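Coordinates in review
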Amino acid sequence: MKVVLLGTAAGGGFPQWNCACRMCAACRTGEVTTRTQDCIAVSPTGRGWFLVNASPDIRAQIVSTPEFTPSPGPRDTPLSGVLLTDAELDHALGLVMLREGGGLRVWAPPAVAHALEHDFGVRGVVARYRQWDWEIAEPGTEFEVVEPGGERLLVTAIPVSGKRPRYATESAAEGPWVCAYRISDPATGGTLLYAPCLAAWPEGFDELVAGVDCVVLDGTFHSAEEMPGATGSAVGGGEQKSMGHIPIGGPGGSLELLRAHPRVRRIYTHLNNTNPVLDKGSPEHAELAAAGVEVPPDGTTFEL
Ligand code: MLT
Ligand code: MN
Ligand code: ZN
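Residues numbered from 1 in each chain as written. Chains lettered and ligands numbered in written order. Predicted model: local features only at pLDDT ≥ 70, side-chain atom pairs only at ≥ 80, totals over all residues. Heavy atoms only, no water.

1. Considerations on the overall build of the protein
Within the protein, the regular secondary structure consists of eleven helices and 14 strands. In summary, the protein has a C-alpha radius of gyration of 18 Å against a globular reference of 19 Å for 304 residues, a match within 12%. Principal-axis analysis of the C-alpha atoms places the extent of the protein at approximately 50 × 40 × 40 Å. A sequence separation of at least 24 residues applies to 68% of the contacts in the protein between residues at least 6 apart. Working note: accessible area of the protein is about 12900 Å², and carbon and sulfur atoms make up 52% of it. (Helix = DSSP H or I, 4+ residues; strand = E, 2+ residues; numbered from the N terminus. Rg over C-alpha atoms; globule rule 2.2 N^0.38 Å. Contact = heavy atoms within 4.5 Å. Areas by Shrake-Rupley, 256 points an atom, 1.4 Å probe, with all protein chains shown as cover.)

Next up, the structure:
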C-alpha cells in the first residue's frame, strides 16, 4: 500500500490566517515550515487513490502531488474515492472542492453521513454538480476499496469518540461521531491505523496499535492548556478539552502511551498551530524524536 501524508495541520492550517501566536509568527518568517490541513491518501498500487478526509486545502494538496496527475484521458483522475473519519469542517469542506470530479465513492460512518446530508448539507450541494456514490462505513465491519485495476485495500472504521462538530450539536444523529480507520493491504500484509481525532485513549486501542505497522495519530495539542497560553484568547482549557484531542505531553498523554509500541512506526498529524512540536528546535520536538515518534512534513510518502 502506498501512503501520502497530504496535510498534517489541524483546522486552520499552519500558519492560521488570523493568528499571530509565537508559532504562527515563526512560520511566517520562514523559521518553521508551513503545513496544510490534515488528510492522507492511500492506494493499493498507485493506479487508484483514496483520500482519507478531504481538507479545505485539498486542491493545492492534489495539484502538488505527482501521484494525482490526471491521466490517461484529459479528464481521467487517479482519485477513486474518499473515506471520512468524522464530519469536522477541516476534514469535510474539501468535498465541495472535488465537485468537478464525477463518479467518486464516499464512505462515512452513519452519524457522519447523516451530518453531511442534513446538518452541513454538502451531499445535496455536490449532487447538483456530479453523481457520486455515498456509502456507509459501518463501524467494526471490514469493507473493500478497489482501484480501477482491481487491486484492493481492506478498511475498518473504529469508533473512537462521541465529539460532535460544533455545527451539529443539535443533530438528530446518534454517534459515534469520530472513527479511526484501520487499513490493510492483502497483497503485502501492510497495515495502517489513521486516527487524527482522539479525545482519549479508547479501550482496546493498545491492541489496535500493536497490530499495525504504522499509526498516524492525533497530535493536535502538546499540552492541555496550550490554546489559551499561546493565543491569550478567551478559549479556556475547558474549551480546548471540549475540542476532543488528547494532549501529547504529560502523564496520560499520548506520547507516554505510544512509548509502549517501539516496533510500530508512529507519526503525529493534525498539529495545531500553537503546538511547540512544529518547531524542530524545541525541547518538545526533541522529546518526540528521542522516543522515535515523527512529525514528518506535508507530502511525505511511504509504503506498507
Ligand atoms: C477539531 O479538530 O477540533 C475541529 O476540527 C475544530 C474545528 O476546526 O472546528
Ligand atoms: Mn480538526
Ligand atoms: Zn497560531
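2. Considerations on the nonpolar core
A general feature of soluble globular proteins is that nonpolar side chains tend to end up buried together. By size, the foremost hydrophobic cluster in this structure holds 68 residues, and its most contacted members are Leu 51, Leu 98, Leu 193, Phe 205, Leu 217 and Tyr 268. Among residues more than four places away in sequence, those in contact with Leu 217 are Ala 195, Leu 198, Trp 201, Phe 205, Ser 254, Leu 258, Ile 267, Tyr 268 and Thr 269. Core analysis: the next-biggest nonpolar cluster, separate from the first, contains 25 residues, Leu 5, Ile 40, Ala 157 and Tyr 181 among them. (Core = buried A, V, L, I, M, F, W, Y, C linked by side-chain atoms within 4.5 Å. Buried < 20%, exposed > 50% of the residue type's maximum accessible area, 1.4 Å probe, protein only.)

3. Side note on the coordination of the manganese ion (ligand 2)
Of the protein atoms, only Asp 90 (OD) and His 270 (NE2) coordinate the manganese ion (ligand 2), at distances of 2.1 to 2.2 Å. Residue Asp 90 is located in helix 3 (residues 89-92), and its partner His 270 is located in the loop between strand 12 (265-269) and helix 11 (283-290); the two are separated by 180 residues in the primary sequence. Residue Asp 90 shares its accessibility class with His 270, and that shared class is buried. (Donors = N, O, S within 2.8 Å, 3.2 Å for Na, K, Ca; no water.)

4. Thoughts on the packing of aromatic side chains
Counted under the stated rule, the structure contains six aromatic pairs. Ring centres of Trp 49 and Phe 68 lie 5.7 Å apart, and the angle between their planes is 45 degrees; this geometry places the pair in the tilted category. Here Phe 68 lies in the loop between helix 2 (58-63) and strand 4 (79-83) and Trp 49 lies in strand 3 (residues 49-52), a separation of 19 residues in the sequence. The two residues Trp 49 and Phe 68 agree in class, both being buried. Ring geometry for Phe 50 versus Trp 107: centroids 6.1 Å apart, planes at 65 degrees, classification edge-to-face. With Phe 50 in strand 3 and Trp 107 in strand 5 (residues 105-108), this pair connects stretches of sequence that are 57 residues apart. For Phe 50, a relative accessible area of 1% corresponds to the buried category. Joined through ring pairs, the aromatic side chains of Phe 50, Trp 107 and Phe 143 make up one cluster. Above the plane of the ring of Tyr 129 lies Arg 99, whose end atom (NZ or CZ) is 5.8 Å from the centre. Positioned over the ring face of Phe 302 is Arg 265, at 4.7 Å from the centre of the ring. (Phe/Tyr/Trp six-rings, centres within 6.5 Å; stacked < 30°, edge-to-face > 60°. Lys NZ or Arg CZ within 6 Å of the ring centre and 35° of its normal.)

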